[in-house]
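# Structural features, examined
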Amino acid sequence: MILGVFLTLMTLGAALLIAWPFLHSGVSGASRRDQELAIYKDQLAEVDRDRERGLIGEDDAKAARAEISRRIISIDEVDTVNTASGRRAPTLAVIAGIFVPVLALAAYLYQGKPTLQQTPQLALDQKRGKSSVNHDAKIHDLTEAVHQDPKNIENWAALGDALKSIKRYQQAAVAYTQAMNLAPENAEYASRNGEAIVFAANGQVTPSAEAAFREATRRDPEDPRAMYYLGLADQQGGRLREALNRWLILEARSQSDAPWLSFLIIQIDRISKEIGLTSDEIASLREKVQSGGIAVPRGPTREQMRAAQSMSPEDREEMIRGMVDRLANRLEENPGDVAGWKRLARARMVLGQKEAYRDALGKVADLRPKDIEAQLAYANAIVNAAAPAAPLANVLKPVVNRILARDDRHPRGLWLSGQLALSAGDVKTARRQWSRLMKSVDPNSMEYVKLKKKIDALPGD
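Everything in this summary refers to the structure shown in the same document. Note that the coordinates shown come from a computational prediction; the quantities given were computed from them, not determined experimentally.

This paragraph deals with the packing of aromatic side chains. The description of an aromatic ring pair rests on the distance of the ring centres and on the angle between the ring planes. For the structure on display, the rule yields six aromatic pairs. A ring pair is formed by Phe213 and Tyr229, whose centres lie 4.9 Å apart and whose planes are at 5°; its orientation type is stacked. Taken together, the positions of Phe213 in helix H11 (residues 207–219) and Tyr229 in helix H12 (residues 224–236) put the pair 16 residues apart, joining distant regions of the chain. Accessibility classification places Phe213 together with Tyr229 in one group, the buried group. Pairwise contacts between aromatic rings join Phe213, Tyr228, Tyr229, Trp247 and Phe263 into one cluster.

In structure tokens:
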């Protein structure tokens, strides 16, 4: 046994010493795969631009998107072939190192036990190897199938499932997107698409993932996957109450044997403790959910959207204003509804009401004083509402201070801080803040040049 371990270590060490200079002569295929993926993404964007300009029809655009999507999914297959051909470079290392393993094998045959049955772990590894081959073959077949028939929804969904099972999440999202577009009423394909995007982003609910989940809830307001991840998006955005409400509603709608229920209860317990709720308060919230006292905000139905599109511009605007006013009145009665204030802010922005938009974001900023994104949105709204005049310093400065309290190197915070200081005649502070800002700006960018000119133009302290 000891001799076997010694010979194995000696074999590995000798082979590594011989092969090391040769094995580092290749080029990694990861960068090439990333470059190809970026090219195909640009091509998808170009198709959308051509469609918007009317250069191609909708059918041609769909066909082009399907073909580009198939190529994106095929990247890893091509990369595997390229990698195999690239392995010929270290052939000399293999030949040079082969004699040492042969000698070790001879010693093993003499001293060891070649008839010993393989261990369960080795058998498991071999089984996994066969499973990987099966997955590759399945993905290859499905890729060919969607190439032959790009309108086959089941094949796109199956391809997404197969890619997701081997953690090729970005490509799985592409496949699910195709299924989602081909089945405009199916909520599950939309939520699968969002989930694949979340997995690709290491658990973060990105804006594109959130859009997919919201589309899923538009198709089916009770889609459990979408409801969970929208709650996760609320949690990651610091909207803990909204996340808790959404998960409590999902819990109430779930069957007792739902596979996600046990995990969901753990998440509810965890976020409740983070908020600081007692067990009695949680029990009270559950009762409100059961009685319908807490509801998930829902968007307009498809019929309502069609009806709005058939209205004249004047009638449509009047309808929107009525909806916005009703939301504003409701928020006066429930001023702690952060999600409601955000919806009101978006509506005010669409209507072009800059001051009202600013005030709505101010409510959000007050309710979320530690949320840097909420403070940043409010600060920008203050500046835009006052333009072309300078914003009131006593309104803007507290918001900028909140931003810098959370991140003293935040670029927008430093810029606004310098502007406020300069307006107050404090040139020294303005110079210091903008000099700190320069450290985070690309020296080769126009922003750097403009900022440097701004600093150089400052009067003497």
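Turning our eyes to something else, we now look at the nonpolar core. One finds Leu159, Val205, Phe213 and Leu244 to be the most contacted residues of the largest nonpolar core, which totals 48 residues. Membership of the second largest hydrophobic core comes to 36 residues, among which are Ala328, Leu344, Ala374 and Val399.

Let us now look at the environment of Asp48. Inspection of the secondary structure assignment puts Asp48 in helix H2 (residues 30–53). For Asp48, a relative accessible area of 33% translates into the label partly exposed. A C-alpha to C-alpha distance of 9.7 Å links Asp48 and Glu58, two positions 10 residues apart in sequence.

The next point concerns a negative patch on the surface. A cluster of acidic side chains, namely Glu314, Asp315, Glu318 and Asp325, defines a negative patch on the protein surface. Of note, Asp315 is situated in helix H17 (residues 313–333).

Checked against the element boundaries, Ser272 lands in helix H14 (residues 261–275). Every residue in contact with Ser272, bar those within four places of it in the chain, is listed here: Leu244, Leu277 and Ile282.

For the rest of this paragraph, the subject is unusual backbone geometry. A cis geometry characterises the amide bond from Ala387 onward to Pro388, with omega recorded as 5°. Within the fold, Pro388 resides in the loop between helix H20 (372–386) and helix H21 (393–406). We note that Lys167 has phi near 65°; this positive angle belongs to a residue other than glycine. Looking at where Lys167 falls in the secondary structure, it is placed in the loop between helix H8 (153–165) and helix H9 (169–182). For Lys167, a relative accessible area of 62% translates into the label exposed. With a phi close to 55°, Asn202 is a non-glycine residue in the positive phi region. Within the secondary structure, Asn202 sits in the loop between helix H10 (187–200) and H11. Note on Asn202: relative accessible area 73%, which makes it exposed.

Running from N to C, H10 and H11 cross one another at 165°; their axes reach a closest spacing of 8 Å. The orientation of H10 relative to H11 falls into the category roughly antiparallel. Our pair here, H10 against H11, has a crossing hand that is left-handed. For the pair formed by H10 and H11, the contact residues are Ala187, Ala190, Ser191, Asn193, Gly194, Glu195, Ile197 and Val198 on the first element and Ser208, Ala209, Ala212, Phe213, Glu215, Ala216 and Arg219 on the second. Classifying every residue of the contact of H10 with H11 gives eight nonpolar, four polar and three charged.

A word on H12. Given a rise of 1.5 Å per residue, 13 residues ought to cover 18 Å, and the 18 Å separating the end C-alpha atoms of H12 matches this to within 8%. Within H12 the residues assigned to the buried category are Ala226, Met227, Tyr228, Tyr229, Leu230, Gly231, Leu232, Ala233 and Asp234. The secondary structure elements touched by the buried residues of H12 are H10, H11, helix H13 (240–253) and H14. Residue Asp223 occupies the N-cap position of H12, its side-chain oxygen lying 3.3 Å from the main-chain nitrogen of Arg225. Where H12 ends, the next residue or the one after it, Gly238, has phi of about 85°, a positive value.

Conventions used here
- Residues numbered from 1 in each chain as written.
- Predicted model: local features only at pLDDT ≥ 70, side-chain atom pairs only at ≥ 80, totals over all residues.
- Heavy atoms only, no water.
- Phe/Tyr/Trp six-rings, centres within 6.5 Å; stacked < 30°, edge-to-face > 60°.
- Helix = DSSP H or I, 4+ residues; strand = E, 2+ residues; numbered from the N terminus.
- Buried < 20%, exposed > 50% of the residue type's maximum accessible area, 1.4 Å probe, protein only.
- Core = buried A, V, L, I, M, F, W, Y, C linked by side-chain atoms within 4.5 Å.
- Patch = residues over 30% accessible without salt bridge, like charges linked within 9 Å, V, L, I, M, F, W, Y side chains within 5 Å.
- Areas by Shrake-Rupley, 256 points an atom, 1.4 Å probe, with all protein chains shown as cover.
- Salt bridge = Lys/Arg side-chain N within 4 Å of Asp/Glu carboxyl O.
- Lys, Arg positive; Asp, Glu negative; His and termini not counted.
- Charge placed at Lys NZ, Arg CZ, Asp CG, Glu CD.
- Contact = heavy atoms within 4.5 Å.
- Axes fitted to C-alpha atoms, helices over the stretch in contact; angles between N-to-C directions.
- Parallel < 35°, antiparallel > 145°, perpendicular 65-115°, else oblique.
- Left-handed = near helix turned anticlockwise from the far one by under 90°.
- Nonpolar A, V, L, I, M, F, W, Y, C, P; charged D, E, K, R; others polar.
- Expected span 1.5 Å × (residues − 1).
- Polar contact = N/O pair within 3.5 Å; in protein donor to acceptor, adjacent residues only side chain to side chain.

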